[in-house]
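Remarks on the overall topology
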Amino acid sequence: MDKLRIRGGQRLHGEVAISGAKNAALPELCAAILSADPVTLHNVPRLQDVSTMVKLIRNMGVQVDVQDDGVVRLDAAQLNLPEAPYDLVKTMRASVLALGPLLARFGHAKVSLPGGCAIGSRPVDQHIKGLQAMGAQIAVEHGYMVASLRPGLSRLHGAHITTDMVTVTGTENFLMAAALADGETILENAAQEPEIPDLAEMLIAMGAQIEGHGSSRIRIRGVERLHGCSHRVVADRIETGTFLCAVAAAGGDVVLRHGRADHLEAVIDKLREAGATVTALQDGIRIEAHGPLRAQSFRTREYPGFPTDMQAQFMALNCVATGTSKVTETIFENRFMHVNELVRLGAHIQIDGKLAMVEGGAALSGATVMATDLRASASLVIAGLVASGETIVDRIYHLDRGYDRMEAKLRALGADIERVT
């Protein structure tokens, strides 16, 4: 099992290219199911979750050609098995994204209940509720969602869907399903993360009729069929934010090529308040950090608030910044699993339910730590970049699910980091 060995204390300098967003690439791979015509995706990141999704849709009968330059060509004309088996999706919750496209194009599907990180409940009831409103009948049996059209229907129909909570994958599922449904679908309380409008733009390029994407109310008018398209996956805002926090913690001057400042306003505001200089460029972001920063309190929220996927990374920064901070997690109930590992490195953190109290200014020292989930992995890497001595981060298969060769990118910026088996 691979590990990362980090020798801390090196400042970061140079330029790094931000990869395509995992959380855009996964639904967009599923969106190719909606058409019998070829689809080409550009800027697809090399991640374990992407490889899993490719295996999944290949198993369905989709022809997939993955190239080294981030280009993925898909042809779903011969898709003949509208099923997502547990063995292929047990490590990835995004498998639920196959449900809407399969129902919309074929009228039936069998999709395993999703897996993924153990960071809290991610119920699929909102997906089921919305698709049922569009004419699906769905039973959950033996760990699978078994879906078909209600008797008398030849395809899904439009509906007015209001979810009980903001759900990113739910919004994506409804977008894809509604693109081929009869009539008009209105999505209320829709997720607004940048990956949503990116998926919508891909669907529009395929011939879908969508308005309001990027807002909380999206209108979709279903069409008879979708054609192929060529689409570039948006840059990964969480990878961007992770590198911003890494430079802020370790110090240095780095340009994040392709990073989008307008997708990370809540995080960048906190970094500026901490004392870092963050500048939006024409095609990227520059961050300069000199000397200890000031710890910042924050509360996670749905977009455009502070992202839960950046909570662990910013907490690692708070550990070495000056002052005391409060970190409140409102999205997932079990997303402080990185805290015990940060404490092993010398951090001073107290947990009280959804609140973490972080006493900054800790002199971190290297130790062996264990990654518990994707973003926790990134926080331990950031702490290792600052800690004195050697840090070993174990179980980095979590990291590989969401970061495209993180250690190589950090090494190019001057970090002393290597992957060991």
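Above this text sits the structure in question.
First, a word on scope: everything that follows refers to the structure included in this document. Predicted model only: the values in this text are computed from it and were never measured. (Residues numbered from 1 in each chain as written. Predicted model: local features only at pLDDT ≥ 70, side-chain atom pairs only at ≥ 80, totals over all residues. Heavy atoms only, no water.)

Secondary structure summary: the chain contains 14 helices and 24 strands in total. Whereas a compact globule of 421 residues would reach a radius of gyration of roughly 22 Å, the chain reaches 21 Å, a difference of no more than 12%. Here the C-alpha coordinates of the chain stretch approximately 65 × 40 × 40 Å along the principal axes. Residues counted as buried form 57% of the 421 residues belonging to the chain. Put simply, of all contacts in the chain between residues at least 6 apart along the chain, 73% involve residues at least 24 apart. (Helix = DSSP H or I, 4+ residues; strand = E, 2+ residues; numbered from the N terminus. Rg over C-alpha atoms; globule rule 2.2 N^0.38 Å. Buried < 20%, exposed > 50% of the residue type's maximum accessible area, 1.4 Å probe, protein only. Contact = heavy atoms within 4.5 Å.)

Bringing the environment of Met202 into the picture now. By the element assignment, Met202 lies in helix H7 (residues 195–205). Classification of Met202 as buried rests on a relative accessible area of 0%. Separated by 126 residues in the primary sequence, Met202 and Ala76 place their C-alpha atoms 16 Å from one another. The residues touching Met202, leaving out its near neighbours within four places in the chain, are Glu28, Ala31, Ala32, Val39, Leu41, Cys229 and His231.

Of the two faces of strand S1 (residues 3–7), only the one carrying Leu4 and Ile6 is buried; Lys3, Arg5 and Arg7 on the other face are not. Here S1 pairs with strand S24 (residues 416–420) via five bridges, running antiparallel. Within S24, the residue paired with Arg5 across the bridge is Glu418. One ladder, built from four bridges, connects S1 with strand S23 (residues 390–394); its direction is antiparallel. Opposite Leu4, over in S23, you have Val393 as the bridge partner. (Pairing = 2+ DSSP bridges.)

Within the open sheet, the four strands sit side by side as S18-S19-S21-S20. Their pairing is mixed. Edge strands, defined here as strands with exactly one partner in the open sheet, are strand S18 (298–299) and strand S20 (348–352). By the bridge criterion, five bridges tie S20 to strand S21 (residues 355–359) in an arrangement that is antiparallel. The partner of Ile349 across the bridge, within S21, is Val358.

In contact at an axis separation of 8 Å, helix H4 (residues 99–106) and helix H6 (residues 168–179) are set at 10 degrees when each is read in the N-to-C sense. Here H4 lies roughly parallel to H6, going by the angle between them. Note on element contacts: H6 touches H4 through Asn173, Met176 and Ala177, opposite Leu99, Gly100, Pro101 and Ala104. (Axes fitted to C-alpha atoms, helices over the stretch in contact; angles between N-to-C directions. Parallel < 35°, antiparallel > 145°, perpendicular 65-115°, else oblique.)

Note that Thr300 resides in the loop between S18 and helix H10 (311–320). The class for Thr300 is buried, based on a relative accessible area of 0%. In this structure Thr300 touches Phe306, Pro307, Thr308, Gln311, Thr328, Glu329, Thr330 and Ile331, once residues within four positions along its chain are discounted.

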